[in-house]
Amino acid sequence: MAGKTILKMENIRKEFPGVVALDNISLDLKEGEVHALLGENGAGKSTLIKVLAGIHQPDGGVIYIDGEKAEIKTVQDAQHYRISVIHQELCLAGNMTVTENIFLGRMEADRFGMVKDRELNQKAREIMNTFGLDEIEPTQKVRNLTTAQQQMVEIAKALSMDARIIVMDEPTSSLSNKEVKKLFDFIWLLKQKKISIIYISHRLEEIFEICDTITVIRDGEYIGSMPVKETNNEQLMSMMVGREFKNVFPEKDWNQGKEIFRVENLSSPYRLKDINFELHENEVLGFYGLVGSGRTEIMRMIFGVDPIENGKIIMEGKELSITCPKEAINAGIALCPESRKDEGLILIKDIDYNITISIMKELIRGIKLNRKKNDEIVHNYCSKLRIKTPSYKQKVRNLSGGNQQKVVLAKWLATRPKVLILDEPTRGIDVGAKQEIYQLIKELAGTGIGILLISSELPEIINLSHRVLVMREMRQVGILEKDEIMQETIIRNALGG
Amino acid sequence: MRREKSKTQVESSNPIVRFVKENSGIIIALMALCIILSIMVPDKFLTYNNFTTVLRSISTTAIMAFGMTFVIITGGIDLSVGSIVALSGTLCAGLISSSWNYAAAVIIGLAVGTLCGAFNGFVISRTEIPPFIVTMGMMNIARGASYIYSSGKPIRTPDDFGSFGNGYFLSIPIPVIVMTVLMILSILLLSKSKFGRSVYAIGGNKEAARFSGINTKNVIWLVYVLIGFLASAAGIITASRLYSGQPTVAQGIEMDVIAATVLGGVSMAGGVGKIGGTMIGAIIIGVLSTGMNLLKIPSFYQMIVMGIVILLAVYLDVRRKK
């Protein structure tokens, strides 16, 4: 695989307000190679790809294409350099045909302004044939295709634009094993045609199967590159997660009380099966698994957002029947959801409103607001959680990510829960704020409530949880205790390696 | 220093000061409109009589606009209000003409209109059908029912029934009094009650509202029940004013109602708006059309002016909020 280097990214740096997303990242891509870009969730993989695709502008560093300096300012520039990105969420118009999707925005018309359907279908057919995609009919509606086939259409679209660098972001995340096999055959074909691929995934076994070279990044920093042949599972894992822990985590407190909450054989109507765990006072039970492994789904069921098919939820010895969030809240369960903007906050409203929305029934009788109690509660939680704001009438929209997360937390603490569910509590907030959240989690656990903590960041799971429940593909793999809570053990369980 | 400044920006303890600040744009527009009309037709515009006429003419629109404010804040819309006016009006008039007790006839009229709203709300909150479509369906259903009930002809009522819609109490037109009472109740409901807070929460972020333990389905349902009730109240006032229940009445009134609401600063995207703003929006529409009548502008031209004013007002509002 001694092709010439066609893409060279050198010392790429990208800052967002308050966060350095990428620092000194370099990547060399050779002709006809499959290059894995490896890193944990939030390591900066997507940001790097967005820089390459012209969606973000780097704040430092240079991109060379064929040895010449390239400025990729827009998506059109990226197209000009024949770079295509296949995003994890496919961007196809479901009600249009395969051909229409492939040539979207580039449809040729005859002199009457009518689209040359027949010619375009012919062209689409040719592209498909070249890459062995005979089973996809160009006139089919895209929404009638399987996910795998849709992915092929996306790739065909890239090929129709003469792409020679194709970025695939987690292409196998929604494919079955058989479909993965097929995708790999296809990637093999692309390699033969001297097309280079940047392959993003955190499934190590796939990377060993299909990739030639690996670049690992972590926390926006470049860790290293090497040929696949010269490395192994263990080395990659430690490169991915082996950060130095700079004392951002508080000491664990091992003072657990009696059991307060228990889930038995919980199953969803879809895929989630047989979840069992118990939770004690003062305990943090961590949930780890890859994105899509079913962690969030468990919490949504417990909180009454999604229906339960089977199983029991038991609070302090009493079985609960929960069909909506209101009942869960009344039972003493609180959920800080994964996405604070979509599910956690009413952004156009102020802090006061957001904190008290879940306890309205305690504060308002008819049209009479208990102003004194209201202000006390808001003030109490704002100072306890150290929410920084000039006024409680500040719109939540104008707060920083860390402060927004604290408002969500305050809203849920105001309901005085016995079980607090935290789904990715530190997503998208800076290091300082993360540290504060960690401290808060510890303090909260000290007040006697039990916490269910979902996080994709291993160090958080390792350093905050007293026990760790590991999920893989909608199944509970096991619950790790004390000494078993180590990176390698957790990752091995989560990946099934 | 900067902290202090932003504090005063977001907070203002006096509700009237806050109200004027939030609605400065349309208040200035309304004042400008009044000043211009006072100069152009001083003898006719600046009279107590004209003042009460304007208020009475907008009373039914405003009453429905209070309900529309709730609906639009949740992110919905209700196109069926005009037809509910016709249905409850003809029904009430019909019952009276077949010598029912007035109070009973009014209650039945209100009940049927409220039921129409309840149907809208039930379907909207329980299915995926958009409010626009559901209420458009009800617009036809209620209008059709009103035609059937009245056989397509106006139903006369005794003159003393008309004294309600045309009468005065302490030299204030009775519909204006009704409007004022309903306005105050709506303000309290929207700004002070749990229900009102839930309405804003749903319009601001429906998922977050649901996660916060709000029964979003029931709140949405109730919002349409409320507008159904208010529309049927408007229908009974209209029947009384016309001394008859007319199946053709209030065609297209939903557009005036929506216009008043939007002029008043209620965002079509949901989550934002107040009853006070809607009231001013309705007054602007009333003053504008009365003013144009006083200036003897032909009604076809009036429509064009009205359209431009609405577009302009909303454009300015959108720009101000950027």
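Moving on: unusual backbone geometry. The phi torsion at Asn24(A) lies on the positive side, around 55°, for a residue other than glycine. Relative to the helices and strands, Asn24(A) is located in strand β2 (residues 19–30). A relative accessible area of 44% places Asn24(A) in the partly exposed class. Not every positive phi belongs to a glycine, and Lys296(B) is a case in point at roughly 60°. Assignment of secondary structure puts Lys296(B) in the loop between α15 (275–294) and α16 (299–321). Lys296(B) gets classed as exposed once you look at its relative accessible area, which sits at 65%.

With 33 residues of chain A in contact, the opposing surface of chain B contributes 25 residues. Of the roughly 2,500 Å² buried where chain A meets chain B, counting both sides, 64% is carbon and sulfur surface. A per-residue breakdown of the area chain A buries against chain B is headed by Met360(A), Ile367(A) and Pro390(A), which together make up 21% of the total. Remark: the boundary between chain A and chain B carries zero salt bridges. Applying the counting rule to chain A against chain B returns seven residue pairs in polar contact (both at pLDDT 80 or more). Elements that contribute at least two residues to the side of chain A that touches chain B include exactly α10 (325–331), α11 (340–344), α12 (351–356), α13 (360–363) and α15 (401–413) of chain A. At four residues, α11(A) tops the list of elements feeding residues into the side of chain A that touches chain B. Of the residues belonging to the side of chain A that touches chain B, the class tally is 17 nonpolar, seven polar and nine charged.

What follows deals with the pairing of strand β12 (residues 275–280) of chain A. All names here are of chain A. Judged by which residues are buried, β12 turns out to be one-sided: Ile275, Phe277 and Leu279 face inward and are buried, whereas Asn276, Glu278 and His280, on the alternate face, are not. In terms of strand pairing, strand β11 (residues 259–267) meets β12 through five bridges, oriented antiparallel. From the neighbouring strand, Arg262 faces β12, where its bridge partner is Glu278.

With that out of the way, let us pick up the packing of aromatic side chains. With the rule as written, the count across this model stands at nine aromatic pairs over all chains. The interplanar angle of 75° and the centroid separation of 5.7 Å between the aromatic rings of Tyr102(B) and Phe161(B) together place this pair among those described as edge-to-face. Residue Tyr102(B) is found in helix α7 (residues 102–126), and its partner Phe161(B) is found in helix α9 (residues 159–166); the two are separated by 59 residues along the sequence. Residue classification places Tyr102(B) among the partly exposed positions, given a relative accessible area of 30%. Its guanidinium or amino end placed over the ring of Tyr353(A), Lys349(A) lies 5.2 Å from that ring's centre, counting from NZ or CZ. Lys349(A) extends its terminal NZ or CZ atom over the ring of Tyr200(B), reaching a point 3.9 Å from the ring centre.

Predicted confidence across chain B gives a mean pLDDT of 89, with 95% of residues reaching 70 or more. Low pLDDT (under 50) marks residues 1–11 of chain B, which in the prediction has eight contacts with non-local residues, meaning those over four places away or in another chain.

Turning next to the domain arrangement of chain A. Often, the extent of an interface is quoted as the loss of accessible area on bringing the components together. All names here are of chain A. Domain assignment breaks chain A into domain 1 (5–241), domain 2 (244–332 + 417–497) and domain 3 (346–415). The C-alpha centroid of domain 3 is placed 25 Å from the C-alpha centroid of domain 2. Summed over both partners, the interface of domain 2 with domain 3 buries about 1,200 Å², with 68% contributed by carbon and sulfur atoms. Of all residues in domain 2, Pro417, Glu436 and Leu440 bury the most surface against domain 3, accounting for 37% of the area lost on that side. For the pair domain 2 and domain 3, the number of links is three salt bridges. The shortest N-O distance in the salt bridge between Glu436 and Arg386 comes to 3.4 Å. At the junction of domain 2 and domain 3, the tally comes to four residue pairs in polar contact (both at pLDDT 80 or more). Going through the elements one at a time, α10, β19 (419–423) and α16 (431–445) are the ones with two or more residues in the side of domain 2 that touches domain 3. Element by element, the count of residues in the side of domain 2 that touches domain 3 is highest for α16, at seven residues. When grouped by side-chain class, the residues that make up the side of domain 2 that touches domain 3 number 11 nonpolar, two polar and two charged.

Rules used throughout
Residues numbered from 1 in each chain as written. Chains lettered and ligands numbered in written order. Predicted model: local features only at pLDDT ≥ 70, side-chain atom pairs only at ≥ 80, totals over all residues. Heavy atoms only, no water. Helix = DSSP H or I, 4+ residues; strand = E, 2+ residues; numbered from the N terminus. Buried < 20%, exposed > 50% of the residue type's maximum accessible area, 1.4 Å probe, protein only. Contact = heavy atoms within 4.5 Å. Buried area = accessible area lost by both parts, 1.4 Å probe. Salt bridge = Lys/Arg side-chain N within 4 Å of Asp/Glu carboxyl O. Polar contact = N/O pair within 3.5 Å; in protein donor to acceptor, adjacent residues only side chain to side chain. Nonpolar A, V, L, I, M, F, W, Y, C, P; charged D, E, K, R; others polar. Pairing = 2+ DSSP bridges. Phe/Tyr/Trp six-rings, centres within 6.5 Å; stacked < 30°, edge-to-face > 60°. Lys NZ or Arg CZ within 6 Å of the ring centre and 35° of its normal. pLDDT = per-residue confidence, 0-100. Domains from an automatic or database assignment.

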